[in-house]
Amino acid sequence: MTPSRWIPLIGWLHGYRRDTLARDLLAAVIVTLMLVPQALAYALLAGLPPEVGLYASMLPLVFYAVFGTSATLAVGPVAVASLMTAAALSGIAAPGSAEYVGAALVLAALSGLLLVAMGLLRLGFLANFLSHPVISGFVTASGILIAASQLRHLLGVKAAGDNLVEMVTSLVASLGQVSLITLAIGLGVWGFLLWCRRRLKGILHRLGLSATAADLVAKAAPVSAVIVTTLLAWSLGLGARGVALVGEVPSGLPNLALPSLDSGLWTSLAPAAVLISLVGFVESVSVAQTLAAKRRQRIDPNQELIALGLANLGAGASGGSPVSGGFSRSVVNFEAGAATPLAGAFTALGIALATLTLTTPLAFLPKATLAATIIVAVGTLIDLPAIKRTWAYSRADGVAMLATLVLTLLQGVESGILVGVALSLGLHLYRTSRPHSAVVGRVPGSEHFRNVKRHEVETDEHLAILRVDESLYFANARYLEDTVMALASRQPDLKHIVLACQAVNVIDASALESLEAINGRLKDSGVCLHLAEVKGPVMDHLKGTHLIKALTGRVFLSTFDAWHVLHGDAAGVLHAPGETPDASLKQGVGP
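None of the values given here were measured: they were computed from a predicted structure.

(A) The arrangement of the environment of A317 in detail. Topologically, A317 is positioned in helix α14 (residues 301-317). Under the relative-accessibility criterion, A317 is labelled partly exposed at 23%. It is 51 Å that separates the C-alpha atoms of A317 and D469, two residues lying 152 residues apart in sequence.

(B) Structural context of helix α22 (residues 477-489). Helix length check: α22 (13 residues) gives 19 Å between terminal C-alpha atoms against 18 Å at 1.5 Å per residue, within 8%. Every buried residue belonging to α22 is among A477, L480, E481, T483, V484, M485, A486, L487 and A488, and all of these are buried.

(C) Main features of the pattern of salt bridges. All chains considered together, the criterion is met by 6 salt bridges. Two residues, R442 and E458, come together in a salt bridge whose shortest N-O distance is 3.6 Å. Of this pair, R442 sits in strand β3 (residues 437-442) while E458 sits in strand β5 (residues 457-459); the two residues are 16 residues apart in sequence, bridging distant segments of the chain. Neither R442 nor E458 differs from the other in exposure class; each is buried.

(D) Looking closely at the pairing of strand β8 (residues 528-532). β8 sits mainly inside the fold: 4 of its 5 residues count as buried. Here strand β7 (residues 496-500) runs beside β8; their pairing, made up of 5 bridges, is parallel. If you follow I497 over to β8, its bridge partner there is L529. In this fold, β7 hands off to helix α23 (residues 509-524), which returns the chain to β8; that crossover is right-handed. Of the pairings in the sheet, the one linking β8 to strand β9 (residues 555-556) comprises 2 bridges and is parallel in character. Among the inter-strand pairings, L531 is bridged to a residue of β9, identified as V555.

What counts, and at which threshold
- Residues numbered from 1 in each chain as written.
- Predicted model: local features only at pLDDT ≥ 70, side-chain atom pairs only at ≥ 80, totals over all residues.
- Heavy atoms only, no water.
- Helix = DSSP H or I, 4+ residues; strand = E, 2+ residues; numbered from the N terminus.
- Buried < 20%, exposed > 50% of the residue type's maximum accessible area, 1.4 Å probe, protein only.
- Expected span 1.5 Å × (residues − 1).
- Salt bridge = Lys/Arg side-chain N within 4 Å of Asp/Glu carboxyl O.
- Pairing = 2+ DSSP bridges.
- Right-handed = clockwise from strand over helix to strand, strands pointing away.

Spelled out as structure tokens, the structure:
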């Protein structure tokens, strides 16, 4: 196994040239400018001191650059992970306290260990249990919660709450304490950022900038907002006039140290770490795969687990909070021309320089500026129309999405996503426990077979072909028995039943026993059971089983072969759509 299998950076460095270095450095400069205010803002969102956001944007980026498989994924603090961190730590200690920060480091380290373990065990598929509707509902609710949680900083009031109801109630009770200066700053920054997002790109493009350059400048708008409001707060002494400022930010690089080894703390944070790990992995890989596809590159999900895990371990060892891939930063990194993951390492260097040189002026940065930055950033996460689209297409998925959204808003992030996952799995089990099946007949003059209820096809009163459109496992094994026996009882002249298995990818032990029972019961009633179009891997498992040895019929290569042999010389009867050889048969087989 080549070293680049475990350290992908080795592969990226082959053929690394001066122009590649220039592209990576340019992307790093742009992402650094974007990441500094975001890192401070997301630390504020997580209830952590601002320097924690900066620390989480250094060593984790270096680890991902070495072990990650995406050229453009920008790792660091993100909105959803910060919200989940705040929710997980709310009952541990007071936000901002030393105990709270220590718990955040444990959470990052624990998430890292879980991700690395999943990667080594090649368990990337576990993220598939988070269905898209559940993730969409969770992300939308998280965006609403994040925006609501920042309103107190925008208004300059003291308010709290772990869910939307508590937040709104607390805000309403505090309206009499609103700081007008803080509100003016917050609304001003919010309006400016919205204008930049919606209008500035078009204006710059009309002035002659390329579309890519105009987009990058527009996305760097938070930097200018930070500079202007920081200068205003410093020159006008706004801190003394009731405007909440970031305050002193320690200068210097983080110290490397192991997080607390308190077993009780690790145990209490384990459930939250699992959720943060899974959600962060799904978000990161989705972004990485989308951007990689545009360059015809490939992402290795299991290696991404290891890279993200090591990035979080790096955060836990260097004073940072949980990290994952950020959508907006990754897109900016991509559009800025990042050629290799080294762009992330150069970004980490830029953040380190900022931590060494910019901490003094950052002390005058109004928290309202960061709050407005967060609110505008999470606006892209909120997609309420998706509820209507999902509900119109699939009521079951719509229920899972809506339940996840509502419970996340009312009960908190952990409850919402756990219930969403449980609903998704439960609905999947329910749907597959009643597999779709259809009696099919031959399209005249062809080798094709279609549902007798939908097409004009040939059938035979002595032969029934049942197409099973689902893999067979414990949850639907009994349903298959009932379906087949109902078919046999409603067609008195039946001599042969063929199970067309082209859609069957798995037959587990429970389903095997059911097929053996079906074979025995049909034999007792004088009907032969046949199989057709059994896939190779499925047949490999069936060989040598009692089912194949005792099968009263044959295993045919194709449904047409079964028809050709079993139909014999009997004259076929042509049926219009919706008709079956026996009208009562409709009660036994789904449409």
